[in-house]
Amino acid sequence: MPLLRPLAIALAASLALAGCQPASDAGSAPAAPAEANVQIPYETFTLPNGLRVVVHTDRKAPIVAVNVWYHVGSKDEEPGRTGFAHLFEHLMFQGSENWKGEFFEPFEQVGATDQNGTTNNDRTNYFQNVPTTALDLALWMESDRMGHFAGAISEDLLDEQRGVVQNEKRQGENQPYGRVWDFLAEKSYPEGHPYSWGVIGSMADLNAASIEDVKRWFSAWYGPNNAVLVLAGDIDVETAKAKAEQFFGHIPAGPTMPQPALNVAARTESTRFEMSDRVPQARLYRTWNTPQFGTAEAQKLSLLAQVLAGSRSSRLDKRLVFGEQLADSVSAFSWGSQLSGMFMLQVDIKQGVDPARVEAIVNEEMAKLLAEGPTAAEIDQARTVFKAGFIRGVERIGGFGGKADVLAECTVFTGDPGCYRNDLDTLDAATPASVQAAGKTWLAQGDLTLLVTPGDRPALAVDESTAREGYVSPPIPAVDPKFTTVASAVDRSAGPPMPASFPGLSFPALQRATLSNGIKLVVAERPGLPVVQMNMLFGGGFAADQGRKLGTSSFAMGMLDEGAGDYDALQFGDRVESLGAQLGSSAALDDSSAFLSSLTENLDASVALYADMLRRPRFADADIERVRAQWLASIKQEKARPNALANRLLPPLMYGAGHPYAIPFSGSGTEASIASLTVDDLKAYHADFVRPDNATLIVVGDTSIEAITPILERHFGDWKAPATPVPQPTIAEVALPTAPRVYLVDQPGAIQATILAGQLAPSTTDAGSVEFDIANSVLGGEFSSRLNMNLREDKSWAYGAYSFSSGAKGQRPWIAFAPVQIDKTADALKEMQREIAAYADGSTPATPAEVAKIQATEIRSLPGSFETANAVLGQIGGIVRYNRPDNWVDVRRGRIEALDPAGVNAAAKTLDPKALTWVVVGDLSKIEAEVRALGLGEVSIIDADGNAAGDATAAR
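Reading guide: rules and limits
- Residues numbered from 1 in each chain as written.
- Predicted model: local features only at pLDDT ≥ 70, side-chain atom pairs only at ≥ 80, totals over all residues.
- Heavy atoms only, no water.
- Helix = DSSP H or I, 4+ residues; strand = E, 2+ residues; numbered from the N terminus.
- Rg over C-alpha atoms; globule rule 2.2 N^0.38 Å.
- Buried < 20%, exposed > 50% of the residue type's maximum accessible area, 1.4 Å probe, protein only.
- Contact = heavy atoms within 4.5 Å.
- Axes fitted to C-alpha atoms, helices over the stretch in contact; angles between N-to-C directions.
- Parallel < 35°, antiparallel > 145°, perpendicular 65-115°, else oblique.
- Left-handed = near helix turned anticlockwise from the far one by under 90°.
- Nonpolar A, V, L, I, M, F, W, Y, C, P; charged D, E, K, R; others polar.
- Arc of directions from axis to C-beta.
- Phe/Tyr/Trp six-rings, centres within 6.5 Å; stacked < 30°, edge-to-face > 60°.
- Pairing = 2+ DSSP bridges.
- Salt bridge = Lys/Arg side-chain N within 4 Å of Asp/Glu carboxyl O.
- Core = buried A, V, L, I, M, F, W, Y, C linked by side-chain atoms within 4.5 Å.

## What to know about the overall build of the protein chain
- From N to C terminus, the protein chain includes 34 helices and 23 strands.
- On C-alpha atoms alone, the protein chain measures out to a radius of gyration of 28 Å, which is about the 30 Å that the 2.2 N^0.38 rule sets for 956 residues.
- Each principal axis of the C-alpha distribution contributes one length, and for the protein chain these read about 80 × 70 × 60 Å.
- By the burial criterion, 61% of the 956 residues in the protein chain qualify as buried.
- Within the protein chain, contacts between residues at least 6 apart in sequence are counted, and of these 82% link residues at least 24 apart.

Right, dumping it as structure tokens:
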């Protein structure tokens, strides 16, 4: 799956602040600057075949992050042969010469976490966190993928993954604004520029890819001399050297492939485009081409983006969202890629507002910022946000943006694992004048404006490349003779080495106390990172909307940080950022919560602000009206997105009118209910539920119960509960339907159909809940589960197909889902129904191998599952929410270990094909007749609000 740069911009900004220093092959990185508060010490070495290896030791958990980056991305393709890098990312998950099967399978058996692969313009990576004893398995698999893949490439494999990738492309394009990114790539760069096409490539190019093309691509780009291996976690450099040589040393080097020349492609003229789409509101994009990754200018532009539209107190937020209230949201990002960078501004314009008026204000504010420069206070605040983000980001050793990613990115693009020290230095040295100068240099001209407006979505033009005719693959350079290999030290004929043992779980001990005002306190110590995380849970949540207006709980909790105590909404946001803190509050199905992440050095001041948010929210009329307008816009956005729309509609259909769970599970309510909310409604919810006698505070991080209790008493100790009792929502039992029902929702022009099947299952507190979770995993809970292997890997009809069951104190929802290509809608429905029915009635029971695989995944992943404080916080939240014992992790592990296929198959009988409620969102002109012909159940057509919409076929 491609990691689209805009989705990782905030993370990229924080990663640029990492605090380790450059290192030679022989030495470790010196300590980071003190004010960074963290460091990533590392050592490096290079194998004779050119594989560069970076090692970081972090013993906090018995896991190792294995991260392989290949220096190849969509930039290395040619017009007429686009999408190859991303296609190869998929192909290389499908087995190798010595492993005949999905690459996920052995990793699931050893309990790997954070396993995935991504492609962007500049590189392809594969990563997984594995228990320390499974490191040999991970290295065997990655080295087999690198050195023993060519012989596994086949026409069948190519066709299968070509179909999966094309469905990934359809899934993205089927979303509102989903065609923007490819359009911006094409229009931002001159024809032929390596960034002028999308990462996934064109449908026609993917269809035209031949087996010869694919084999040439692999031989050119995936050699060890074009790769970086990062090993981070429970490992040292001596072990890393021995294992890297053992598993990778024999792989011959590939050719030394040239990298494209640096080409920022700075624009000198303004260009403007418009497109219509099935979107609920106009959205304005404005971009500039800017300097590449690793430059001081790129870092300064990140600061400028934060000042312009990066936070609540940014200039455009203050004017467009808070002041004149012409926009529902604004954002700005700046990021650098290998050849060029991009500065992007995005504005969601309120319905009924003239976009020209918004554009004029954007122009005015941008001109003012460039002419006058940011203030010192703005730069200091932006600096603090980035530093705090970095500190939190590098808690993880692997996964998206963890320490292994930081080291790999710098090594691949600069040759120096510590290259981001320069960014840290730039950040520290930045002044208003230097940031202003960077803005004047890069943002004073050459902007591209794209306005997307509500309307019809034009059909895609025929996706053909004029360069395909007569295309000749470029010659592959000869292998550089400086690289050598050694004899293989691994007998691959026996398959991957599975570990004989696994590390045990070490979940932190829970310490409990009660504050003087009755707040229950649970503390788990996690020293190391200078951060303390808190989450205060309150009974209530969406279920408490019963007898109130739908969305009251979510809206009330969402208003808590919109001004509190002595601070109005803008002042509150400024205070949060100046402390490097994160605060927020929200509601869930059965409860609500308020979250604080504080730097240890600012803990007392952050807790004071947290207490204000909970105890003294302002609920100011002007803020309520502003948030109401944003909220209504977000509901319209939900209705425009197929997955979100289906999830809005399914719960009321399953639970029935009047049930407290018969609501959109986003908690957003309905447009009518949100429009009618009053300040008294919000204050009443707050008084009823946000109170010390209804609260449990969970604290995880760099503190102890002895250290944190006095701080909490100081800020919460005099908070008294009202005399009225806490309301207790009544969650009634719902009888299951006696026959399946099918609801169709028309989305004209959709190129995919979103399919959901739902049924009510017993509560999370039910005695058999663990067994049902495992039964679900066999059917659709894992990548290698039945639904996904059928619809994605076998049929290539979907990018993914899964099932899950959300937690609930009452009957919980079980949902299976699959977004599928539009012409396979009926076939996919039939396959999903067949899989569910045959599993539930015992025709295709869970096999011993399937059960053993899920047991292994669940149990062996535990040491890696609680790597971060947030993961621990979430687990304790479940213990509190469902009244579980403090040793629940061990209790659950024991129940999973004791399971056998008979127990899993008994739990699978919870599923009842006759009780399924189906929701299908798609173009009914293409799917309705075939869906009706299936005879799955009574078919109804409903609109986006769940109301009967009549017969779509007749209406045409």
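## Comments concerning the packing of helix H25 (residues 769-781) against helix H28 (residues 848-860)
- Put simply, H25 and H28 touch, their axes get as near as 10 Å, and they point 115° apart. As the angle between them shows, H25 and H28 are arranged roughly perpendicular. Seen along the crossing, H25 lies across H28 with a hand that is right-handed. Judged by residue contacts, Ile774, Ser777 and Val778 of H25 engage Glu850, Ile854 and Glu858 from H28.
- In terms of residue class, the contact of H25 with H28 is built from three nonpolar, one polar and two charged.

## Focus: unusual backbone geometry
- Of note in the backbone geometry, Asp114 takes a positive phi value of approximately 55° without being a glycine.
- In this structure, Asp114 sits in strand E4 (residues 113-119).
- On the basis of relative accessibility, which here comes to 39%, the residue Asp114 falls in the partly exposed class.
- Positive phi, normally seen in glycine, also occurs at Ser796, with a value near 60°.
- Tracing the chain through its elements places Ser796 in the loop between helix H26 (786-794) and strand E20 (802-805).

## Comments concerning helix H32 (residues 901-908)
- Among the residues making up H32, those that are buried are Val904, Asn905, Ala907 and Ala908. The arc that holds every buried residue of H32, seen down its axis, measures 160°, which confines them to one face.
- Looking at the buried side of H32, the elements it contacts are H25, helix H27 (825-840) and H28.

## Side note on the packing of aromatic side chains
- What the rule picks out here adds up to 28 aromatic pairs.
- Each ring, one from Trp181 and one from Tyr285, has its centre 6.2 Å from the other, and the planes form 75°; the classification is edge-to-face. Linking Trp181 in helix H6 (residues 180-188) with Tyr285 in strand E8 (residues 283-290), this pair joins segments that are 104 residues apart in sequence.
- Judged by its relative accessible area of 30%, Trp181 falls in the partly exposed class.
- Its relative accessible area of 1% is what places Tyr285 among the buried residues.
- Aromatic side chains Trp288 and Phe343 sit 5.7 Å apart centroid to centroid with 80° between the ring planes, which places their arrangement in the edge-to-face category.

## Here we look at the sheet that holds strand E18 (residues 741-746)
- If you trace the six strands from one edge of the open sheet to the other, you get E20-E21-E19-E22-E18-E23, paired in mixed fashion. Only two strands of the sheet have a single neighbouring strand rather than two, namely E20 and strand E23 (938-941). Taking each pair of neighbouring strands and ignoring which way they run, the sheet shows an average axis angle of 20°.
- Examined bridge by bridge, E18 and E23 share four bridges and lie parallel to one another. Bridging across to E23, Leu744 finds its partner in Ile941.

## Some words on the side chain of Gln346
- Tracing the chain through its elements places Gln346 in strand E10 (residues 341-349).
- Accessibility expressed as a relative area gives 15% for Gln346, which makes it buried.
- Those residues in contact with Gln346 that lie beyond four places of it in its chain are Arg283, Leu284, Tyr285, Ser329, Val330 and Ser331.

## Quick notes on the packing of helix H10 (residues 296-309) against helix H11 (residues 315-323)
- The interhelical angle for the contact between H10 and H11, taken along N-to-C directions, is 25°, at an axis separation of 3 Å. The pairing of H10 with H11 is recorded here as roughly parallel in orientation. The segment H10 lies against H11, with Val307, Leu308 and Ala309 engaging Arg315, Leu316 and Asp317.
- Split by residue class, the contact of H10 with H11 holds four nonpolar, no polar and two charged.

## Observations regarding the side chain of Asn905
- Topologically, Asn905 is positioned in helix H32.
- For Asn905, a relative accessible area of 17% gives the class buried.
- Residues contacting Asn905, with those up to four places away along its chain left out, are Tyr839, Pro845 and Ala846.

## As for the pattern of salt bridges
- On inspection of all chains with the given rule, the structure shows 59 salt bridges.
- For Lys243, the salt bridge goes to Asp136, with nearest N and O atoms at 2.5 Å. Here Lys243 is found in helix H9 (residues 237-248), whereas its partner Asp136 is found in helix H4 (residues 135-147), with 107 residues between them in sequence.
- Judged by relative accessible area, Lys243 falls into the buried class, the value being 18%.
- We note a salt bridge from Arg932 to Glu928, for which the minimum N-O separation is 2.8 Å. Here Arg932 and its partner Glu928 are both found in helix H33 (residues 924-934), four residues apart, which amounts to about one turn of the helix.
- You can call Arg932 partly exposed: its relative accessible area is 35%.

## Notes on the sheet that holds strand E14 (residues 531-539)
- As summarised here, the arrangement of the six strands in space is E12-E13-E17-E14-E16-E15, forming an open sheet in which the pairing is mixed. Each edge of the open sheet is held by one strand with a lone partner, namely strand E12 (511-514) and strand E15 (582-587). Strand after strand, the sheet turns through a mean of 15° between neighbouring axes, direction not considered.
- Judged from the four bridges that link them, E12 and strand E13 (residues 520-525) form a sheet pairing that is antiparallel. Across the sheet, residue Gln511 finds its bridge partner in E13, namely Val523.
- Its contacts with the sheet put helix H24 (residues 705-716) on E12, E13, E14 and strand E17 (695-701), and the angle it makes with E13 is roughly 145°.
- Sheet strands touched by helix H30 (residues 869-881): E12, E13, E14, strand E16 (591-599) and E17. Its angle to E17, the strand with the most contacts, is close to 155°.

## Some details on the nonpolar core
- Counting 75 residues, the largest nonpolar core has Met534, Met536, Tyr610, Leu614 and Phe716 as its most contacted members.
- Beyond its immediate chain neighbours, meaning those up to four positions away, Leu614 contacts Met536, Phe538, Leu560, Ala594, His686, Val690, Phe716 and Trp719.
- With 64 residues, the next largest nonpolar core counts Ile822, Tyr839, Val872 and Ile927 among its residues.

## A few points about the environment of Thr287
- With respect to the element layout, Thr287 can be found in strand E8.
- Taking the C-alpha atoms as reference points, Thr287 and Gly446, 159 residues apart in sequence, are found 8.6 Å from one another.

## Re the environment of Ala65
- Among the secondary structure elements, Ala65 is positioned in strand E3 (residues 63-70).
- Residue classification places Ala65 among the buried positions, given a relative accessible area of 1%.
- Sequence separation of Ala65 and Leu911 is 846 residues, and the distance between their C-alpha atoms is 37 Å.
- The residues contacting Ala65, other than those within four sequence positions of it, are Gln128, Asn129, Val230, Leu231, Ala232, Ile397, Gly398 and Ala404.

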